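# Fold and contact review
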Amino acid sequence: MSRRAQENVLALAIAAILIAVIVISFHYGPRARLVPIPVAAFSLILVLAQLVVQNTGSPDDLHVDVLEMLTRRSAREGVASTAAATRQRPASEHPPGTRARREAIAFTLLAVLLGLVLLLGPIVGIFLFVLGYGGAVGRMRWSSALMLSLGVSGVLYLLFVVLLNTQMYHGILPGPL
Amino acid sequence: MGRKARMRIIVGLVAVLALAGGLATAQSSSDYYAGKTVTLILPNSPSGQMTQYARMIAPYIAKHLGAKDVRVQNMQGGGGVVGANYLWHVKPDGMTIAFTSVPALVLAQLSGSQGVEFDATKFVYLGRAATEARVLVVGGKSKIQTIQDVENLGRPFIFPTQGTDEDFYTMAVLAYALNFDLKAVTGYQGNADTTLAVIKGEGDGHITAWHSSLAGIQAGDLRPILTIGDAREAGYPDVPTAVEVTQGNGKELVQAIVNMITMHRSFFGPPGMPEAAVSAMRSAVWAALHDPGLLADAQKQGLIIVPMQGAEEQPKVEQIAAAGQQIVPILKKAVAAIQ
Amino acid sequence: MISAAVTGLLALFTPQSILFMIVGVIYGLVIGVLPGLGGIVAMALVLPFTFGFEPAAALALLLGAHAATVWGGSITGILFNVPGAAKTITSVFDGYPMTQRGEGARALGASAMAALLGGVIGAVFLVATIPIVRPLMLALGPSEYFMMALWGLTIIATFSEGSVIKGLIAAGLGILVAFIGMDPVTGTARYTFHSLFLLDGISFPVAMIGLFAVSQMLKLFVKGGTVVEAQVDTEVSTVWDGVRDTFEHWWLVLRSSLLGLWIGVLPGVGASVGGIAAYAQAAQTSKHPERFGHGAVEGVIGPDATLAATEGGGLLPTLAFGIPGGESMAILLAAFINMGITPGPQMLTSNLSLVFTMVWIIVISNILTTVIGLMTSKTLARSATLPARYLVPVVLAVCFMGAFATHGRVGDVVVAAIFGVVGYIMDKYNYSRADFVIGMVLATMIERDLHISLTLYGPTFIFTRPVTLAMFLFIVFTTLLPIVRRRLARARASAAEGSGPDGGAA
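Since we're looking at a predicted model, the values are computed, not measured.

## Re the interface of chain B and chain C
- Contact with chain B, which involves 40 residues of that partner, is made by 44 residues of chain C.
- Between chain B and chain C, the buried area comes to about 3300 Å², and carbon and sulfur atoms account for 59% of it.
- In terms of surface lost to chain C, no three residues of chain B exceed Q114, L196 and K200 of chain B, which account for 18% of the buried area on that side.
- Where chain B meets chain C, there are zero salt bridges.
- Remark: the boundary between chain B and chain C carries four residue pairs in polar contact (both at pLDDT 80 or more).
- Of all the secondary structure elements, the ones that give two or more residues to the side of chain B that touches chain C are helix 3 (81–89), strand 7 (182–186), helix 7 (191–200), helix 8 (210–219) and helix 11 (292–301) of chain B.

Encoded structure:
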């Protein structure tokens, strides 16, 4: 998917959310919807404007928009933000395909951590995640991964459970802690 | 051995067994909690005063219960509804009980709050730890001197409030019973915010606990005009109680609200708790609240203790619920007025 | 008054008080560093330990811990984009870009020094403003608070990150997210889909952990390498650069501190709103507002000075009226009661030495925090150069734990994860997360105070309340000022053809 297509998908998704917000808000009383509806409607107009802008300019102009031209933000700033944008896009380090794959892996890892925490509770879940991450993803030696995960979950246990007296969640599966 | 003798032995054995059995039952009732761990659910935030109370009292309940521990577990959310729902569904073996503001739960139920799965009248009440009369205060510079002035204001009484909390509902019932126009201004951030609004004269008056307003009253920033409680406040004998100034049906409604408020910080268990657990817990709570150690702790922390027996509380809740049906339309109207 | 100040200071020179203050400061720093936990938690947890001690010692522990959380919360914001507490959210706006540039130590130094000066200035002026605080508090009402919130919103334009439209969309989404849950104005459950969890709304600290910290770790994983950008590799600054920056911007520090004092005094304005207002103030009065959000040191100095100064300001309503200005002050009030102190106007007359004790505690604990800060900044800053394979799992673990501990609800961990993905997408497509957060923080205040103003003063309240009108005009002025300045600068730049961008912040 080209950058522009991705931007369009995102803008359409935001527009859908905003329309849903407006529809839902009409179920509320006049005071409860007094602020949300105008905010959502105004945002919706902006999303539509954004859609127009990003589909009319050249692909390089994706970062430039009408309001910016209206307020005439300085050229110097334009340079700075383009520089920032280039810095933010180290895609050049990896070919585009690699980046998409790494993103998929990152989201999966997040889901794995979330799943572990929900199933086993934060302490055990974090221990397993750090161990697995260090060993499998971070390519550490398993012994050092074990040290790291023991250290992290131990410190968290001491800080949160012992010192701060947090009541721990033990997960859907009964955890040993 | 003759038949009679044998019979006597059997009877004797049965009697001994029965006695032993009876003793054993008696034993198990007072030892119901021996060596057990009780979980005390707190549907409130860990930083609030409710938690301060619970943490202070819990060890003394454990002591008088003979239990290994009474562990406090905060389960906040939904204005207390999350924790109360949890208790409603918990296994009623007496090992899980709760402590919170009863009026908050009853009002949540009566006003039809979202997500309420429990019936507050069906909980088993185990004893009240504390209650404090509430007070209607107006600004020190306000023209309103007495509650009669509120009735004869000639314009709506402006009431700054945080939203649909206990004081909001109390105010709605007061306005109905005393027949004055109420203009509730919702959206304030908390007690500090509404107090300042009253001092400034932005609002006419609001309801707080007596201790929250004392400093302001002593400094002349606030003026108390009505006590919402069982009796007049010591030190302020000229401030009438809400029940005194109302008549007829209005008096009944106000009495229902006052009853509710007097149950304030109470211990309660899930419906269907075994009789042995209920009696053991009620006496342990009562004993804990009279423990000299606890009373010393409470004084050190500046917390008041006003105990009430669980058995005495139970019928009061029924009473509240019955009277509550009359309050419901008032509550609904008050909520509709701020939409 | 001077004798009260001396008596107040002397009360602190007991071994117990000194020990308590040191313990409080270190403890506050740790709590501040942990994401999601801030000053309120810090005070709530130590409160039971203070019972039975003499007032000076107990207050040293409580206030010391509370004051130290400010800088503690900034550390992780600056180094890892993980704001330690809701109020230190602004530390990620410019502190983190500075770290990326290899100026982490400078940012930490500036932050610590600004917190020190802010705390001291706030405390000194606290004493000076005691006589005028009552009339000031009584003069401001909901319509003025509404204007303050609007003023905070005007900062959105600063975070355009290349697109003002996208920035505004992000802010709009942030405002709407803040409306999830029970609406306190009407008692309506909005956008909750009958979920009791959502009835309490999206917790701000949790959303923040997701938006900034979790998403940053996702990004770091995708990118590889370290937080500090590849071309810089190592730290290029020292702590003393930051200290010097702070003194060079003394006027900003002074203004920010006074703003903080004022924000602390107003009970309806929370500290997280305060941080954003401080940031707005710093950006709008800067000669180079365009650098904000890209690592401007003023963006670190201003909010930190303000936050440190709110500590003193927050004491005032508690002392002067006996009404706590916020949740943390409610805890302090509980401590007062068990010490047998009755807050109220007489505190400022008969009990003045105790007030001074508190002022001194704030000053001294700020000094302690800064000394610890300056000593550790260099080491701390180095941790930002850790490779991703260590940093990603560790920071993710801490974030999840922090999200859970904020309210002890496991659902918040799910919220943090969702907002992590949302934050990643927003960052990738240049929808400013800062704008989103600003919208989220200010939404409630805007909505509440708008409703109160409408109910009390009617639809034309902006024009019928003189102070409100003045503030409104001030907002218009300060919003237009940077635009005018920018045009002037442009005109000058095109006149003096070809002067290139000078990069770093002045």
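## Side note on the side chain of N44 of chain B
- Topologically, N44 of chain B is positioned in the loop between strand 1 (37–42) and helix 2 (49–65).
- Within polar-contact distance, the side chain of N44 of chain B engages the side chain of T100 of chain B at 2.9 Å.

## A short note on the sheet that holds strand 5 (residues 134–139) of chain B
All names here are of chain B.
- The strand order 8-5-9 describes an open sheet built from three strands, whose pairing is antiparallel. Across the chains shown, the open sheet's two edge strands, defined by having one partner strand only, are strand 8 (205–209) and strand 9 (222–228). The average undirected angle you get between the axes of adjacent strands in this sheet is 30°.
- Pairing of strand 5 with strand 9, which is carried by six bridges, proceeds in the antiparallel orientation.

## Description of a nonpolar patch on the surface
All names here are of chain C.
- Together, I2, V6, L10, F13, I18, I22, I26 and V30 give the surface a local cluster of nonpolar side chains, amounting to about 730 Å² of exposed area.
- Every element with two or more residues in the nonpolar patch is listed here: helix 1 (2–10) and helix 2 (15–33).
- For the nonpolar patch, the element with the most residues is helix 2, which contributes four residues.
- Note on placement: V6 falls in helix 1.

## Examining the environment of A288 of chain B
Residues and elements named next belong to chain B.
- Following the sequence through the fold, A288 ends up in helix 10 (residues 275–289).
- Once the C-alpha coordinates of A288 and A129 are considered, the two residues, 159 residues apart in sequence, prove to be 9.5 Å apart.
- Among residues more than four places away in sequence, those in contact with A288 are Y60, I61, H64 and L294.

## Some words on the sheet that holds strand 1 of chain B
Residues and elements named next belong to chain B.
- With mixed pairing, the six strands of this open sheet are ordered in space as 2-1-3-10-4-11. Edge positions in the open sheet fall to strand 2 (69–74) and strand 11 (308–309), since each of these has one partner strand only.
- Bridge count for strand 1 against strand 3 (residues 96–101) is three bridges, and the pairing is parallel. Each bridged residue has a counterpart across the sheet, and for T39 the counterpart in strand 3 is T96.
- Here helix 3 sits on the sheet in contact with strand 1, strand 3 and strand 10 (265–269), set at roughly 150° to strand 3.

## Comments concerning helix 11 (residues 239–248) of chain C
All names here are of chain C.
- Within the span of helix 11, buried status applies to V239, G242, V243, D245 and T246. Buried residues of helix 11 fall within an arc of 155° about the axis and therefore sit on the same side. Turned more than 90 degrees from where helix 11 packs its buried face, W240 and E248 sit exposed.

## What to know about the interface of chain A and chain C
- At the interface, 76 residues of chain A touch 73 residues of chain C.
- Carbon and sulfur atoms make up 71% of the surface buried where chain A meets chain C, a total of about 7100 Å² over both sides.
- At the junction of chain A and chain C, the tally comes to two salt bridges.
- Here E7 of chain A ties to K166 of chain C by a salt bridge, and the two come within 2.9 Å at their closest N and O atoms.
- Here chain A and chain C share 13 residue pairs in polar contact (both at pLDDT 80 or more) between them.
- Where the side of chain A that touches chain C is concerned, the elements lending two or more residues are helix 1 (3–25), helix 2 (36–56), helix 3 (66–71), helix 4 (75–88), helix 5 (96–120), helix 6 (122–137) and helix 7 (142–163) of chain A.
- It is helix 5 of chain A that contributes the most residues to the side of chain A that touches chain C, twelve residues altogether.
- Split into classes, the residues belonging to the side of chain A that touches chain C amount to 47 nonpolar, 14 polar and 15 charged.

## Describing the packing of helix 2 of chain A against helix 8 (residues 164–178) of chain C
- For the pair helix 2 of chain A and helix 8 of chain C, the least separation of the axes is 9 Å and the interaxial angle reads 150°. On the basis of the axis angle, helix 2 of chain A is roughly antiparallel to helix 8 of chain C. For the pair helix 2 of chain A and helix 8 of chain C, the sense of crossing is left-handed. Packed against helix 2 of chain A, whose contacting residues are P36, V39, A40, S43, L46, V47, A49, Q50 and Q54 of chain A, the element helix 8 of chain C presents I165, K166, L168, I169, G172, I175 and L176 of chain C at the interface.

## Side note on the side chain of S257 of chain C
- Considering the arrangement of structural elements, one finds S257 of chain C in helix 12 (residues 250–265).
- The residues contacting S257 of chain C, other than those within four sequence positions of it, are L117, G118, I121, A305 and A309 of chain C.

## Looking at unusual backbone geometry
Residue and element names in this part refer to chain C.
- Backbone geometry at N81 places phi at a positive 65°, although glycine is not the residue there.
- Along the chain, N81 turns up in the loop between helix 4 (55–80) and helix 5 (91–100).
- Residue classification places N81 among the buried positions, given a relative accessible area of 2%.
- The backbone of Y191 shows a phi angle near 50°, a positive value even though the residue is not glycine.
- Position of Y191 among the secondary structure elements: in the loop between strand 2 (189–190) and helix 9 (196–199).

Reading the values: the criteria
Residues numbered from 1 in each chain as written. Chains lettered and ligands numbered in written order. Predicted model: local features only at pLDDT ≥ 70, side-chain atom pairs only at ≥ 80, totals over all residues. Heavy atoms only, no water. Contact = heavy atoms within 4.5 Å. Buried area = accessible area lost by both parts, 1.4 Å probe. Salt bridge = Lys/Arg side-chain N within 4 Å of Asp/Glu carboxyl O. Polar contact = N/O pair within 3.5 Å; in protein donor to acceptor, adjacent residues only side chain to side chain. Helix = DSSP H or I, 4+ residues; strand = E, 2+ residues; numbered from the N terminus. Pairing = 2+ DSSP bridges. Axes fitted to C-alpha atoms, helices over the stretch in contact; angles between N-to-C directions. Patch = residues over 30% accessible without salt bridge, like charges linked within 9 Å, V, L, I, M, F, W, Y side chains within 5 Å. Areas by Shrake-Rupley, 256 points an atom, 1.4 Å probe, with all protein chains shown as cover. Buried < 20%, exposed > 50% of the residue type's maximum accessible area, 1.4 Å probe, protein only. Arc of directions from axis to C-beta. Nonpolar A, V, L, I, M, F, W, Y, C, P; charged D, E, K, R; others polar. Parallel < 35°, antiparallel > 145°, perpendicular 65-115°, else oblique. Left-handed = near helix turned anticlockwise from the far one by under 90°.

None of this, on its own, says anything about what the molecule does.
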